[in-house]
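# Understanding the architecture of this molecule
Given next are the chains, with one letter for each unit.
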Amino acid sequence: AFSYIELVDEYDYKSISRDRRNILRLIAVILLAAACLGAGVLLELLMNGNLDGSLYIIITVSVLGLAGNCIRPVRETKGTYQIGQYLVLMFSLGLSMSIDFSIMLSTIMQTLAYFACAQTSCMILHLLLCKLFRIDGGTALITNTAGIYGPPFIPPVAGAYGKKQLIAPGIICAVVGLVIGNFLGISIGSLLSMLTGV
């Protein structure tokens, strides 16, 4: 079992081991991740003939990411989470810099209303199901945090609530939720596209 300190250190860039063996393993894992992305790009090109969409890229990266987690040396390499978070931040920065504010401002209220409605509905449904199945308050809070905010918020919320033993299960729920969310999002998006013809 992981201790609270060990799990919190997983979110600290200073905790990445600088020894030669771990650095080489980190490089190998990054190259493996790049190969997974390359496989997704290749599949997208084969299926669509262009990179206008990202359906097959997302599916391929999600499936191969889960498969890679089954490889023990990959799973146990220290620092992979921090490197992944850094790459996500770089992606988010690049994406945000490409936003057209004139379009966003014209639809901002509808978008905010949609997300507010979706998140509030999810939280209420989650709490009602926890009440129905008699889930304790700590588990309800941590799984709710995992579902809405993701892995980085689990340790501070669990620490503040005084249930540090829920950190590991909460992080697992958050990661699994991200993977399932990818597939559900793609499925619902494809279904709505078929129904609306867009």
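Relevant structure appears above.
The notes below deal with the structure included here. (Residues numbered from 1 in each chain as written. Predicted model: local features only at pLDDT ≥ 70, side-chain atom pairs only at ≥ 80, totals over all residues. Heavy atoms only, no water.)

## So, the side chain of Glu 44
Cut-off, in case you're wondering: Helix and strand definitions here come from DSSP, where helices need a minimum of 4 consecutive H or I residues and strands a minimum of 2 consecutive E residues; each element is numbered from the N-terminal end. Burial classes follow relative accessibility: with a 1.4 Å probe on protein chains only, a residue under 20% of its type's maximum area counts as buried, one over 50% as exposed, and anything between as partly exposed. We count Lys and Arg on the positive side and Asp and Glu on the negative side, and we leave His and both chain ends out. Salt-bridge detection follows one rule: a side-chain nitrogen of Lys or Arg within 4 Å of a carboxyl oxygen of Asp or Glu. Here a residue-residue contact requires only that any non-hydrogen atoms of the pair lie within 4.5 Å.
Relative to the elements of secondary structure, Glu 44 occurs in helix α2 (residues 20-48). Despite its burial, Glu 44 pairs with no opposite charge, the nearest such side chain being Arg 75 at 27 Å. When neighbours within four sequence positions are excluded, Glu 44 is seen to be in contact with Gly 49, Asn 50, Leu 51, Gly 53, Ser 54, Leu 55, Tyr 56 and Ile 57.

## A look at the packing of aromatic side chains
Condition: Pairing of aromatic side chains here covers Phe, Tyr and the six-membered ring of Trp, requires ring centres within 6.5 Å, and sorts the geometry by plane angle: under 30 degrees stacked, over 60 edge-to-face, intermediate tilted.
One pass over the full model with this rule turns up 1 aromatic pair. Look at Tyr 114 and Phe 115: their rings are 5.4 Å apart centre to centre, the planes differ by 70°, and that puts the pair in the edge-to-face class.

## A few points about helix α8 (residues 154-161)
As a reminder of what qualifies: Summarising the geometry, the arc corresponds to the directions from the helix axis toward the C-beta atoms.
Listing the buried residues of α8 in full gives Ile 154, Pro 155 and Ala 158. Down the axis, α8 shows its buried residues gathered within 95° of arc, on one side only. Just downstream of α8, Gly 162 is the residue with a positive phi angle, here 85°.

## Observations concerning the pattern of salt bridges
As enumerated under the stated definition, the model contains 1 salt bridge in all. In this structure, the salt-bridge partner of Glu 76 is Arg 72, at a minimum N-O distance of 2.9 Å. Judged by its relative accessible area of 55%, Arg 72 is exposed.

## Describing the side chain of Asn 22
Structurally, Asn 22 is set in helix α2. Look past the residues within four positions of Asn 22 in its chain and what remains in contact with it is Ile 16, Ser 17, Thr 77 and Lys 78.

## With respect to the packing of helix α7 (residues 137-148) against α8
Defined as follows: Every axis corresponds to a line fitted to the C-alpha atoms, with the helix fit spanning only the stretch in contact, and the corresponding angles, defined between N-to-C directions, vary from 0 to 180 degrees. Any angle between 65 and 115 degrees counts as roughly perpendicular, while under 35 counts as roughly parallel, over 145 as roughly antiparallel, and the rest as oblique. The crossing is said to be left-handed when, going from far helix to near helix, the turn is anticlockwise and less than a right angle, and right-handed when the turn is clockwise. Three categories are distinguished: nonpolar for Ala, Val, Leu, Ile, Met, Phe, Trp, Tyr, Cys and Pro, charged for Asp, Glu, Lys and Arg, and polar for the others, with Gly belonging to the last.
Where α7 meets α8, the axes come as close as 10 Å, and the angle between the chain directions of the two elements is 160°. In terms of orientation, α7 and α8 fall into the roughly antiparallel class. For the pair α7 and α8, the crossing hand works out as right-handed. Contacts between α7 and α8 involve Gly 137, Gly 138, Leu 141, Ile 142, Thr 145 and Ala 146 from the former and Ile 154, Val 157, Ala 158 and Tyr 161 from the latter. Taken together, the residues of the contact of α7 with α8 break down into 7 nonpolar, 3 polar and no charged.

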